[in-house]
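Listed here are the chains, written in short residue letters.
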Amino acid sequence: MYTTTSGWREALAIALNHALRIDHDVNGAPYALCRQAGHRLPAIDDSLRRYEWKPTMPGGVWPLQMSPPEEESDAQLFCIGCHADGHLRERALRLARERPRHLAIALALIRCDDWVKQVRETAQETLRLQTEADPALVFAHIDLLLALRGRQRFDAGVWRTLIEPALLGHEQRAERWALLEHGHGKARLLACTLILRADPDRIAQLALRAVRDRDPVIARWALRDLPSQTDIAQGTGGFHEEILAQALRHPSASVRAQALRVRSENHDAAYPDLVRDVLLDASASVRAVAIHAARQLDIDPRAIFRNALDRGESPRNRHALQALGDCADAEDLDRLQPWLHHPAGELRCAALRGALRAGIDDPAGVLRDALTSPSGKVVSPALKLGTTVP
């Protein structure tokens, strides 16, 4: 066991509590700090500066047999590097050059945005030495980098001069691709932009990977930016069509809608059948894009909805009912009538909307029946529709 009279432990325990709402005792706080994700460290840095505490530098003050665990020394160095005293922050950064561990590197990254020029320059030099020894270390701190990149000093300074060149280095080809597996969408989008710039031979592979990404922002990026910046749109073997086919099956409606817009630029023989199919999409926003495309092809969307609805109840026919509710006319009253008493509130609401639009006899009576429904999905729109009925 060892003892220290410094107040960094107490300050750290308070900072964890105030910044992250994490309660830890004084002895457990250093280990809690070592477990924190990178994007949380700037908040801890800000909190540590708000308290007055007496720092003690790590290293050289304990007998060898009483030296503290590495985690505690790392946490102590990080806390001193976040102290309100700029001289202490600068000194901590110089010590960090001798122990390029996780928290020491994180400290250097955070201090690259320091408001004191001397501290900032020391941090940049520390980071330069660390990245020269191991250029791949920046990939281990992607969460922190993304949190810091929104800061003007950081983005205009060390990001452009040191970090971005390291991320784009030829020897980091494998790390860039591995970043596509990151759990955070912003990190995967960063990986996409890095690969686009540094690995042009992998762009086709990237396109297929990005368009299937679970984050719709990344999938839309692939549809919007990749074809215009590469030759994959003119690829052989229908490669561009394969990308669009993947996008049209994406779980996000915004991606499917964007894919149909891109696909509309090529009116080949298969395009009309595709539009007819997308007219029965589960999402109203995608159906709206398909309706616009159908009208450009002189395809009557209502005919598609009617044919699907006449085939009986199924998931796609339900989508047809929801679409027909917005464009029904008198011809559709008979096919909508059975749905006015459907147990599913969403479908009953669509039928009610369509019946009123088509001019059903006794609309007030239909609305009264709807208002007795136990489903809020029926009652709420019925109240709104009631304002349009004399």
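Residues numbered from 1 in each chain as written. Predicted model: local features only at pLDDT ≥ 70, side-chain atom pairs only at ≥ 80, totals over all residues. Heavy atoms only, no water.

Would you mind going over the overall build of the protein in detail, with residue names and values included?
Each helix and strand counted, the protein has 24 helices and zero strands in total. Partitioning the intrachain contacts of the protein with sequence separation of at least 6 by distance along the chain shows that 60% fall at a separation of at least 24. As presented, the protein carries roughly 19,200 Å² of accessible surface, and 50% of it is formed by carbon and sulfur atoms. (Helix = DSSP H or I, 4+ residues; strand = E, 2+ residues; numbered from the N terminus. Contact = heavy atoms within 4.5 Å. Areas by Shrake-Rupley, 256 points an atom, 1.4 Å probe, with all protein chains shown as cover.)

Can you lay out the packing of helix 20 (residues 315–324) against helix 22 (residues 345–358) for me, pointing to particular residues and giving the numbers?
The geometry of a pair of packed helices is captured by two quantities: the angle between their axes and the separation between those axes. Where helix 20 contacts helix 22, the axes come no closer than 8 Å and their chain directions differ by 40°. Between helix 20 and helix 22 lies a crossing of left-handed hand. Contact with helix 20, carried on its side by Arg318, Leu321 and Gln322, involves Glu346, Leu347, Ala350, Ala351 and Arg353 of helix 22 and no other residues of that element. By residue class, the composition of the contact of helix 20 with helix 22 is four nonpolar, one polar and three charged. (Axes fitted to C-alpha atoms, helices over the stretch in contact; angles between N-to-C directions. Left-handed = near helix turned anticlockwise from the far one by under 90°. Nonpolar A, V, L, I, M, F, W, Y, C, P; charged D, E, K, R; others polar.)

Please provide a residue-by-residue account of the pattern of salt bridges, values included.
Tallied over the full model, the rule gives 37 salt bridges. In this structure, Asp74 engages Arg101 in a salt bridge whose closest nitrogen and oxygen atoms are separated by 2.4 Å. Remark: Arg101 occurs in the loop between helix 5 (86–96) and helix 6 (102–111) and Asp74 occurs in helix 4 (residues 70–80); sequence separation between them is 27 residues. Take Asp74: its relative accessible area is 7%, and that puts it in the buried class. For Arg263, the salt bridge is made with Asp268, and the minimal N-O distance between the two is 2.7 Å. The class for Arg263 is buried, based on a relative accessible area of 5%. Through salt bridges that share partners, Asp45, Asp46, Arg49, Arg50, Arg89, Arg111 and Asp114 make up one connected network. (Salt bridge = Lys/Arg side-chain N within 4 Å of Asp/Glu carboxyl O. Buried < 20%, exposed > 50% of the residue type's maximum accessible area, 1.4 Å probe, protein only.)

Go over helix 18 (residues 284–296), please, and point to the residues and values.
An ideal rise of 1.5 Å per residue puts 18 Å on 13 residues; helix 18 measures up with 19 Å between its terminal C-alpha atoms. Along helix 18, the residues classified as buried are Val286, Arg287, Val289, Ala290, Ile291, Ala293 and Ala294. Packed against the buried residues of helix 18 are helix 16 (253–263), helix 17 (271–278), helix 19 (301–310) and helix 20. Immediately downstream of helix 18, the backbone of Asp298 shows phi near 60°, a positive value. (Expected span 1.5 Å × (residues − 1).)

Could you give an account of the packing of aromatic side chains, with specific residues and numbers?
For the coordinates displayed, the defined rule picks out zero aromatic pairs. Across the ring face of Trp177, the terminal group of Arg202 is positioned such that the distance to the ring centre comes to 4.2 Å. (Phe/Tyr/Trp six-rings, centres within 6.5 Å; stacked < 30°, edge-to-face > 60°. Lys NZ or Arg CZ within 6 Å of the ring centre and 35° of its normal.)

Give a description of the packing of helix 1 (residues 8–20) against helix 3 (residues 41–48) that names residues and reports values.
Between helix 1 and helix 3, whose axes approach to 9 Å, the crossing angle comes to 120°. Between helix 1 and helix 3, the crossing angle belongs to the class labelled oblique. Crossing angle aside, the handedness with which helix 1 passes helix 3 is right-handed. Side by side, helix 1 and helix 3 meet where Ala11, Leu12, Ala15, Leu16, His18, Ala19 and Leu20 of the first sit next to Ala43, Ile44, Ser47 and Leu48 of the second. Each residue belonging to the contact of helix 1 with helix 3 can be placed in one class, and the counts come to nine nonpolar, two polar and no charged. (Parallel < 35°, antiparallel > 145°, perpendicular 65-115°, else oblique.)

I'd like to hear about the nonpolar core, residue by residue, with values.
In this structure, Leu12, Ile44, Phe78, Leu109, Phe154, Ile163 and Phe305 are the most contacted members of the largest nonpolar core, which totals 118 residues. Among the elements that take part in this core, helix 6 stands out by supplying eight residues, more than any other. (Core = buried A, V, L, I, M, F, W, Y, C linked by side-chain atoms within 4.5 Å.)

Mind laying out the side chain of Asp213, listing which residues take part and the relevant values?
Mapped onto the elements, Asp213 comes out in the loop between helix 13 (203–211) and helix 14 (216–229). Since its relative accessible area comes to 11%, Asp213 is described here as buried. Here the side chain of Asp213 touches Asp215 through a polar contact of 2.8 Å, landing on its backbone nitrogen. (Polar contact = N/O pair within 3.5 Å; in protein donor to acceptor, adjacent residues only side chain to side chain.)

How would you summarise the state of the cysteines if you had to cite specific residues and measurements?
With the rule as written, the count across this model stands at zero disulfides. Cysteine Cys79 remains unbridged, with the sulfur of Cys82 as its closest cysteine sulfur at 6.7 Å. For Cys82, a relative accessible area of 0% gives the class buried. (Disulfide = S-S within 2.5 Å.)

Quick rundown of unusual backbone geometry? Include the residues and the values.
Phi at Asp298 takes a positive value of approximately 60°, unusual for a residue other than glycine. Checked against the element boundaries, Asp298 lands in the loop between helix 18 and helix 19. Looking at Asp298, the relative accessible area reads 75%, which means it is exposed.

Give me the lowdown on helix 19, citing residues and values where you can.
All of the buried residues along helix 19 are Pro301, Ile304, Phe305, Arg306, Ala308 and Leu309. Among the structural elements, helix 17, helix 18, helix 20 and helix 21 (333–336) are those in contact with the buried residues of helix 19. One or two residues past the end of helix 19 sits Gly312, with phi positive at roughly 105°.

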